[in-house]
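So the chains spell out like this:
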There are 2 protein chains.
Amino acid sequence: MINFTWYNPTKIIFGKNTHNEVGNETKKYAKKVLLHYGGKSLKATGTYDAVVNSLKNEGVDFVELGGVRPNPRLSLVQEGIEICRREGIEFILAVGGGSVIDSAKAIAAGVPYEGNVWDFYSTEKQPEKMLSIGVVLTIPAAGSESSDGSVITNEEGPDKRSCCTDLMYPKFAILNPELCYTLPVNHISAGGADILAHIMERYFAPNSNTDLSDRLSEAAMKALIYNLPKVLKDNKDYDAWAEVMWTGCVAHNGLLGRGRQEDWASHGIEHELSAIYDIAHGAGLAIIFPAWMKYVNDAHPERFVQFAQRVFDVDTQGKTEDEVINEGIEKLEAFFKGLGLATTLHEAGIDDKSFEVMAQKAAGNWTLGSIKKLTAKDIVSIYKKAL
Amino acid sequence: MINFTWYNPTKIIFGKNTHNEVGNETKKYAKKVLLHYGGKSLKATGTYDAVVNSLKNEGVDFVELGGVRPNPRLSLVQEGIEICRREGIEFILAVGGGSVIDSAKAIAAGVPYEGNVWDFYSTEKQPEKMLSIGVVLTIPAAGSESSDGSVITNEEGPDKRSCCTDLMYPKFAILNPELCYTLPVNHISAGGADILAHIMERYFAPNSNTDLSDRLSEAAMKALIYNLPKVLKDNKDYDAWAEVMWTGCVAHNGLLGRGRQEDWASHGIEHELSAIYDIAHGAGLAIIFPAWMKYVNDAHPERFVQFAQRVFDVDTQGKTEDEVINEGIEKLEAFFKGLGLATTLHEAGIDDKSFEVMAQKAAGNWTLGSIKKLTAKDIVSIYKKAL
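Worth saying up front: this structure is predicted, and the values here are computed from it rather than measured.

1. Side note on the overall build of chain A
In step 1: A count of helical and extended segments in chain A gives 15 helices and eight strands.
In step 2: The principal-axis extent of the C-alpha atoms belonging to chain A is close to 65 × 45 × 45 Å.
In step 3: Long-range contacts, defined here as pairs at least 24 residues apart, represent 78% of the contacts in chain A between residues at least 6 apart.

2. Description of the packing of helix 8 (residues 211-233) of chain A against helix 8 (residues 211-233) of chain B
In step 1: Between helix 8 of chain A and helix 8 of chain B, the shortest axis-to-axis distance is 8 Å and the interhelical angle comes to 155 degrees. On the basis of their axis angle, the class for helix 8 of chain A and helix 8 of chain B is roughly antiparallel. The interaxial crossing formed by helix 8 of chain A with helix 8 of chain B has right-handed handedness. Contacts between helix 8 of chain A and helix 8 of chain B pair D211, L212, R215, L216, E218, A219, A220, K222, A223, Y226 and N227 of chain A from the former with D211, L212, R215, L216, E218, A219, A220, K222, A223, Y226 and N227 of chain B from the latter.
In step 2: In the contact of helix 8 of chain A with helix 8 of chain B, the residues fall into 12 nonpolar, two polar and eight charged.

3. Considering the sheet that holds strand 5 (residues 132-137) of chain B
In step 1: The strand order across the open sheet formed by 12 strands is 3(A)-2(A)-4(A)-5(A)-8(A)-1(A)-1(B)-8(B)-5(B)-4(B)-2(B)-3(B), and the pairing between neighbours is mixed. At either end of the open sheet lies a strand with only one pairing partner, and these are strand 3 (61-65) of chain A together with strand 3 (61-65) of chain B. Strand after strand, the sheet turns through a mean of 25 degrees between neighbouring axes, direction not considered.

4. Quick notes on unusual backbone geometry
In step 1: A cis amide bond, omega -15 degrees, links G157 of chain A with the succeeding residue P158 of chain A.
In step 2: A positive phi is found at N209 of chain A, a non-glycine position, where the angle reads about 55 degrees.
In step 3: Position of N209 of chain A relative to the elements: it lies in the loop between helix 7 (185-203) and helix 8.
In step 4: When the 17 C-beta atoms within 10 Å are taken as the criterion, N209 of chain A is described as partly exposed.
In step 5: One non-glycine residue, N17 of chain B, adopts positive backbone phi at about 65 degrees.
In step 6: Among the structural elements, N17 of chain B can be located in the loop between strand 1 (4-14) and helix 1 (22-26).
In step 7: What makes N17 of chain B exposed here is the crowd of 10 C-beta atoms within 10 Å.

5. Some words on the relation of the copies chain B and chain A
In step 1: If you rotate chain B by 180 degrees and push it 0.0 Å along the axis, it lands on chain A with an RMSD of 0.0 Å. The two molecules are tied by a two-fold rotation axis, judged by turn and shift. Judged by C-alpha distance, P9 of chain B is the residue of chain B that lies nearest the rotation axis, at 2.1 Å.
In step 2: Interface residue correspondence from chain B to chain A reaches 100%, placing this contact among same-surface, isologous pairings.

6. Considering the interface of chain B and chain A
Quoted interface sizes are often the accessible area lost when the parts come together.
In step 1: Each side of the interface is counted separately: chain B has 33 residues, and chain A has 33 residues.
In step 2: Counting residues per element, the side of chain B that touches chain A draws most heavily on helix 8 of chain B, at 11 residues.
In step 3: Of the residues in the side of chain B that touches chain A, the class split is 18 nonpolar, seven polar and eight charged.
In step 4: The pairing of strand 1 (residues 4-14) of chain A with strand 1 of chain B spans seven bridges and is antiparallel. Among the inter-strand pairings, T5 of chain A is bridged to a residue of strand 1 of chain B, identified as I13 of chain B.

7. So, the confidence of the model for chain A
In step 1: Chain-level pLDDT for chain A is 96 on average; 100% of the residues reach the 70-or-more range.
In step 2: Scored as a whole, the predicted complex attains pTM 0.97, and scored at its interfaces, ipTM 0.97.

8. What to know about the domain arrangement of chain A
Residues and elements named next belong to chain A.
In step 1: Taken domain by domain, chain A comprises domain 1 (11-179) and domain 2 (183-385).
In step 2: For domain 1 versus domain 2, the distance between C-alpha centres works out to 26 Å.
In step 3: Mapped onto the side of domain 1 that touches domain 2, the elements with two or more residues apiece are strand 1 and strand 7 (159-164).
In step 4: When the residues that make up the side of domain 1 that touches domain 2 are grouped by side-chain class, the tally is 10 nonpolar, six polar and four charged.

9. Some details on the nonpolar core
In step 1: Judged by nonpolar contacts, the single largest core of 271 residues is most densely connected at I92 and A220 of chain A together with I92 and A220 of chain B.
In step 2: Contact partners of I92 of chain A, with chain neighbours within four places excluded, come to V33, L34, H36, A104, I107, A108, L131 and I133 of chain A.

10. Overview of helix 15 (residues 376-385) of chain B
One turn of the α-helix equals 3.6 residues, which is why residues spaced by three or four share an orientation.
Residues and elements named next belong to chain B.
In step 1: Of the residues making up helix 15, those classed as buried are D378, I379, I382 and Y383. Angular distribution of buried residues about the axis of helix 15 spans 145 degrees; they occupy a single face of the element.
In step 2: Looking at the packing, one finds that the buried side of helix 15 touches helix 10 (265-277), helix 11 (281-296) and helix 14 (355-363).

11. Description of the pairing of strand 5 of chain B
Residues and elements named next belong to chain B.
In step 1: Most of strand 5 sits out of view: five of its six residues are buried.
In step 2: Inspection of the sheet shows strand 4 (residues 91-96) paired to strand 5 by six bridges, in the parallel sense. Looking at the pairing, G96 lines up with L137 of strand 5.
In step 3: Where strand 5 lies against strand 8 (residues 172-175), four bridges are found, and the strand directions are parallel. Bridge assignment links L137 to a residue of strand 8, and that residue is L175.

12. Concerning the environment of S75 of chain B
In step 1: As for its position among the elements, S75 of chain B is in helix 4 (residues 74-87).
In step 2: Spatially, the C-alpha atoms of S75 of chain B and E302 of chain B are 45 Å apart, while their sequence positions differ by 227 residues.

13. Describing helix 12 (residues 301-312) of chain A
All names here are of chain A.
In step 1: Along its 12 residues, helix 12 runs 16 Å from first to last C-alpha, staying within 8% of the 16 Å computed at 1.5 Å per residue.
In step 2: Along helix 12, the residues classified as buried are R303, F304, V305, F307, A308 and V311.
In step 3: In this fold, the buried residues of helix 12 make contact with helix 7, helix 8, helix 11 (281-296) and helix 13 (321-338).
In step 4: Where helix 12 ends, the next residue or the one after it, D313, has phi of about 50 degrees, a positive value.

14. So, the environment of W246 of chain A
In step 1: You can see W246 of chain A is positioned in helix 9 (residues 238-251).
In step 2: Residue classification places W246 of chain A among the buried residues on the basis of 29 C-beta atoms within 10 Å.
In step 3: The sequence separation of W246 of chain A and G143 of chain A amounts to 103 residues, and the corresponding C-alpha distance is 9.6 Å.
In step 4: Those residues in contact with W246 of chain A, other than ones at most four positions away along the chain, are F14 of chain A together with L212 of chain B.

Procedures and definitions
- Residues numbered from 1 in each chain as written.
- Chains lettered and ligands numbered in written order.
- Predicted model: local features only at pLDDT ≥ 70, side-chain atom pairs only at ≥ 80, totals over all residues.
- Helix = DSSP H or I, 4+ residues; strand = E, 2+ residues; numbered from the N terminus.
- Contact = placed C-beta atoms within 7 Å.
- Axes fitted to C-alpha atoms, helices over the stretch in contact; angles between N-to-C directions.
- Parallel < 35°, antiparallel > 145°, perpendicular 65-115°, else oblique.
- Left-handed = near helix turned anticlockwise from the far one by under 90°.
- Nonpolar A, V, L, I, M, F, W, Y, C, P; charged D, E, K, R; others polar.
- Pairing = 2+ DSSP bridges.
- Buried ≥ 20, exposed ≤ 12 C-beta atoms within 10 Å, placed from the backbone.
- Least-squares fit on C-alpha atoms with pLDDT ≥ 70 in both.
- pLDDT = per-residue confidence, 0-100.
- Domains from an automatic or database assignment.
- Core = buried A, V, L, I, M, F, W, Y, C linked by C-beta atoms within 7 Å.
- Arc of directions from axis to C-beta.
- Expected span 1.5 Å × (residues − 1).

This is how it looks when you write it as structure tokens:
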């Protein structure tokens, strides 16, 4: 186990009807907020009205900025920054999934900063202060509701980059599984793949003697793999949704990686796909992760054997190490397919013509990952394995 | 899964040499602190010198109050309150195990309060403000380093009571597994039993559909059961100590109970033993918990079957439910015995003469527990099962 710090001050408010508490929580921080959200579905489902009523009932004034899209754009972030400055707003309420929350975090970082907020995503520069944010989560996936990170896409490029700082933890995040009932199937599947990937990025590490973190990670993967198919079968299964939503939060709140050098190469490799092809992040991960596993497992085969055994119950009797590892990867691919996700680039309509460009962007003069350090050349090989 | 909140703002700094960071962390909060600790062992091991040097190097002044004993006393708390008031101290640095930390929390609650700090432990009254505290942990056991609670013994009685509030979370807790190398065997065993009990109090609940919390709890129990015997064999096994110390923290930071009605009857029943017989809390739990399990398992047998299967790998083939449950309890008792702990009151030199008094104190006009509501009469039966 390597030395670590663990810090996560976000207050999680979880359960039925909890989104009606948003006004009460928000008023602890501000009397006027930016209400930030995505598209029409928030209004169609009634969540928008419930949130607005709760704010009004508690005397919280708000200015609205909707229109966040998946792979959230820098241009909308800059619009949000202008609104907050003009209106003297000091708190941002994000109502939506990871894209809305990440966009809110970027706005919060940009308002008190004199330069271009993109500096925090494209250079080593870190925010010294930020506005506070609160969250009403509607899509279990990105884990941004209690993470220290934000990922933004700069349309000029296009480039998809992240920024992480303790200042980004939301003050509170409200998680009501009932708000997931109306999610479209592709959001559920891609979100589920994202959650699983967040755990796997932390799990496949070069470190040994990480027994508790291993077992906690396996516990979270087991809970997700068991419950995600249940919500696809019955989108009003509260108990299964509660497991998926809570697992999505724990998967990315930092706990599961303690004591390990987390990997995150698959995320870097996928971000380039999303930036160019605008594929949903989770859908991209379902393609990239198995290809990455096939390419890197020889660096630490014992971890991939443990994954196969403990997460997918692969019976090792009479099998070689490679057979066990491959069976684990096959079961992961089968799980993704069962969610209706593509597991090859071909199925997603992506060919090989941008492999070199994407690999250069992902690891031009540096390397990605920790279980195996990947150069741009390695990354091209992984894209090829994913074809 | 029932509605819940999850909030834990304590910053954990974990790993080798980290206790030398205490001055740097402390100076973020105060220039003068109360340095609170237990007995001579802190000086003999060199930890005292290392902490004092770190404080001095960072220009942090301090006043000392040592002498905390297991089952920390109200009288010492009151002495600490007087010192802080007299010296104008606004931050308490606890260097020790759960007793020192709990004593520090009580002092922190008492300083700004005009009444008797025992009010917070003996009535419904809650602190409205508190001093901040920081921790250097030397004994993995109580989990008080990142919990919201404190347990104090009032010698007039004697009464052992707890107080819980969000204000009690330490600002930081430094966990260096190397500081555990010099722990006496009885501290290791009793501490281990306390850690396991903290998980079991959360695990044995009447709720169904708590899949993630179940699996996370089982993961933590597995990690502890595997690693605790290793540190008893080799008290300088860093990797095993790291697992035990990190498990002790996660066991009691609140996470593992989310979505369930936690039970805590065994703690209540044990507190009366400690108050009268001054037995170490963890040693008392090793006696009470198996007796409690035997008495209450018929209320929710499915949870006790799951415990036997998933935590102690009991093979269920060809066995009745009762046989599986009993085998799980036997394996738990064998685990405690393997740590060198007594699993009956008789072995601990305690007879039946105070059963009625203790039961009345534990549940005079109310009930204890959630998986089965226990009256004073039930508690006498549990003490009898523990004889």
